[in-house]
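Each chain, written out:
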Amino acid sequence: MATLEIKDLHVSVAADETSKEILKGVDLTIKAGETHAIMGPNGSGKSTLSYAVAGHPKYRVTSGSVLLDGEDVLEMSVDERARAGLFLAMQYPVEVPGVSMSNFLRTAATAVRGEAPALRHWVKEVKAAMGDLDIDPAFAERSVNEGFSGGEKKRHEILQLGLLRPKIAILDETDSGLDVDALRVVSQGVNRYRESGEVGVMLITHYTRILKYIKPDFVHVFAGGRVVESGGPELADLLESEGYVKYTGNQEAAA
Ligand code: ADP
Ligand code: MG
Ligand code: MG
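Residues numbered from 1 in each chain as written. Chains lettered and ligands numbered in written order. Predicted model: local features only at pLDDT ≥ 70, side-chain atom pairs only at ≥ 80, totals over all residues. Heavy atoms only, no water.

Enquirer: Which residues make up the sheet that holds strand β9 (residues 168-172), and what values go with them?
Expert: With mixed pairing, the 6 strands of this open sheet are ordered in space as β6-β9-β10-β3-β11-β12. Of all the strands in the sheet, just β6 (86-89) and β12 (226-231) have a single pairing partner and so form its edges. Strand-to-strand, the axes of this sheet are offset by a mean angle of 20°, without reference to chain direction. Relative to strand β10 (residues 200-205), strand β3 (residues 35-39) runs parallel, the two being bridged by 5 bridges. For A37, the partnering residue across the bridge sits in β10 and is L203. The strands that helix α5 (residues 150-164) touches are β6 and β9; relative to β6, the one it contacts most, it runs at about 170°. (Pairing = 2+ DSSP bridges. Helix = DSSP H or I, 4+ residues; strand = E, 2+ residues; numbered from the N terminus. Axes fitted to C-alpha atoms, helices over the stretch in contact; angles between N-to-C directions. Contact = heavy atoms within 4.5 Å.)

So, in structure tokens, the structure goes:
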């Protein structure tokens, strides 16, 4: 059973010559089979948390620890983190011109699985996964994220999720820029994968909308670079009606 343990994590971001502390002691434990919603106002450090766990070079861990099944994640390279079973779907997915989706996915699967999937099986696997997400087959030959609409990028992320089968998936603002139909398809994709019970999901979101489709087991309020309150799904309902003002004391940030 996979467990991601984040303990008293402090992270600074290097901006020009200055360094600013963004995460101020994050504590969070996610186990396989659980879905944790991380909810908080803009600028509270939610994306910084996902980047730090994924190993983005701009985000410097100054203290605290991140363990995956007891292994020190912070000592791992970005590739090693992926092989260990961590998956980050980024809030702003990058474009990779000249690399087709199918090649990109096979390379990623090879890195994670430790061997290249047999081509015939792989083609079938990708086709089935794309069908599940209502993705046009022509999509496989397009360059990664190039000219993709917001909805296409998100479907691509969930396609990766299903094909790479990580132990812990971090989904950052998966709901942003999706219309209701795309949101439903993307959520169904996440739920299909969740049903295996083999993945722990950290679902980062500003709005409660996606939680109607992907039901969390735990909800954490994130403010000022820390988890300030934790509870069950009822906490999301409270945030829906009252916003974040209680945690920020700031009317604007609660909007
Ligand atoms: P959230 O995802 O909750 O909206 P972020 O983690 O994106 O919050 O940002 C938290 C704070 O850290 C913000 O004040 C933001 O400006 C700052 N920050 C995040 N990333 C960078 C960066 N690469 N360079 C400079 N400042 C950053
Ligand atoms: Mg601390
Ligand atoms: Mg963010």
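Enquirer: Give a description of the coordination of the magnesium ion (ligand 2) that names residues and reports values.
Expert: Coordination of the magnesium ion (ligand 2) by the protein is provided by D8 (OD) and H10 (NE2), with metal-donor distances spanning 2.3 to 2.4 Å. In this structure H10 comes out as buried when scored by relative accessible area, which is 17%. (Donors = N, O, S within 2.8 Å, 3.2 Å for Na, K, Ca; no water. Buried < 20%, exposed > 50% of the residue type's maximum accessible area, 1.4 Å probe, protein only.)

Enquirer: How would you explain the nonpolar core if you had to name every residue and give the values?
Expert: Judged by nonpolar contacts, the single largest core of 46 residues is most densely connected at M39 and L159. For this core, the element with the highest residue contribution is helix α6 (residues 180-194), accounting for 6 residues. Counting 28 residues, the second-largest nonpolar core is a separate cluster that includes L4, M76, A84 and V227. (Core = buried A, V, L, I, M, F, W, Y, C linked by side-chain atoms within 4.5 Å.)

Enquirer: Tell me about the site of ligand 1, and name the residues and values.
Expert: Residues in contact with ligand 1 amount to 14 residues; listed here are only the nearest, G43, K46, S47, T48 and Y59. In the model, an oxygen atom of ligand 1 is placed 3.1 Å from a nitrogen or oxygen of the G45 main chain. Take Y59: an N or O atom from its side chain is 2.9 Å from a nitrogen atom of ligand 1. When ligand 1 is considered free in solution it has 560 Å² of accessible area, and contact with the protein chains removes 69% of it. Among the secondary structure elements, those contributing two or more residues to the shell around ligand 1 are β1 (3-15), β2 (18-31) and α1 (46-54). (Near = heavy atom within 4 Å. Polar contact = N/O pair within 3.5 Å; in protein donor to acceptor, adjacent residues only side chain to side chain. Areas by Shrake-Rupley, 256 points an atom, 1.4 Å probe, with all protein chains shown as cover.)

Enquirer: So what about the pattern of salt bridges? Which residues, and what values?
Expert: Tallied over the full model, the rule gives 10 salt bridges. Of the charged contacts, one joins K167 and D69 as a salt bridge, the two residues approaching to 3.7 Å between their closest N and O atoms. With K167 in the loop between α5 and β9 and D69 in the loop between β4 (59-68) and β5 (71-72), this residue pair connects regions lying 98 residues apart in the sequence. The salt bridge partner of E152 is R142, with a shortest N-O separation of 3.7 Å. With E152 in helix α5 and R142 in the loop between α4 (119-132) and β8 (143-144), this pair connects stretches of sequence that are 10 residues apart. Overall, R142 belongs to the partly exposed group, its relative accessible area being 31%. Shared partners join several salt bridges into a network, and the residues in it are R113, E125 and R165. (Salt bridge = Lys/Arg side-chain N within 4 Å of Asp/Glu carboxyl O.)

Enquirer: Break down the packing of helix α3 (residues 101-113) against α4 for me, with residues and values.
Expert: Where α3 meets α4, the closest approach of the two axes is 11 Å, and the angle between their N-to-C directions is 115°. Here α3 is positioned roughly perpendicular relative to α4, judged by the angle of their axes. Along this stretch, α3 crosses α4, giving a crossing that reads as right-handed. Contacts between α3 and α4 involve S102, L105, R106, A109 and R113 from the first element and L119, W122 and E125 from the second. Here the residues of the contact of α3 with α4 sort into 4 nonpolar, 1 polar and 3 charged. (Parallel < 35°, antiparallel > 145°, perpendicular 65-115°, else oblique. Left-handed = near helix turned anticlockwise from the far one by under 90°. Nonpolar A, V, L, I, M, F, W, Y, C, P; charged D, E, K, R; others polar.)

Enquirer: Explain the packing of aromatic side chains to me, using residue names and the numbers behind them.
Expert: For any pair of aromatic rings, the description consists of the separation of the ring centres together with the inter-plane angle of the planes. For the structure shown, the criterion picks out 1 aromatic pair. Aromatic pair Y51 and Y59: ring centres 5.2 Å apart, planes at 15°, arrangement stacked. When sorted by exposure, Y51 lands in the same class as Y59, which is buried. (Phe/Tyr/Trp six-rings, centres within 6.5 Å; stacked < 30°, edge-to-face > 60°.)

Enquirer: Please provide a residue-by-residue account of the layout of surface pockets, values included.
Expert: Over the atoms rolls a probe the size of a water molecule, and in doing so it shows where empty space is left. Estimates place the volume of the second largest pocket at around 270 Å³. If you go around the second largest pocket, you meet 15 residues; those closest to its centre are A129, D132, G162, L163 and R192. Going through the elements one at a time, α4, α5 and α6 are the ones with two or more residues in the lining of the second largest pocket. Residue classes in the lining of the second largest pocket are distributed as 7 nonpolar, 3 polar and 5 charged. (1 Å grid on protein atoms, 1.4 Å probe; cavity = no way out; pocket = protein on both sides within 12 Å on 5 of 7 lines; lining within 4 Å. Points joined across faces, edges and corners; volume = space filled by probe spheres on them.)

Interpretation in functional terms is not warranted from these geometric data alone.
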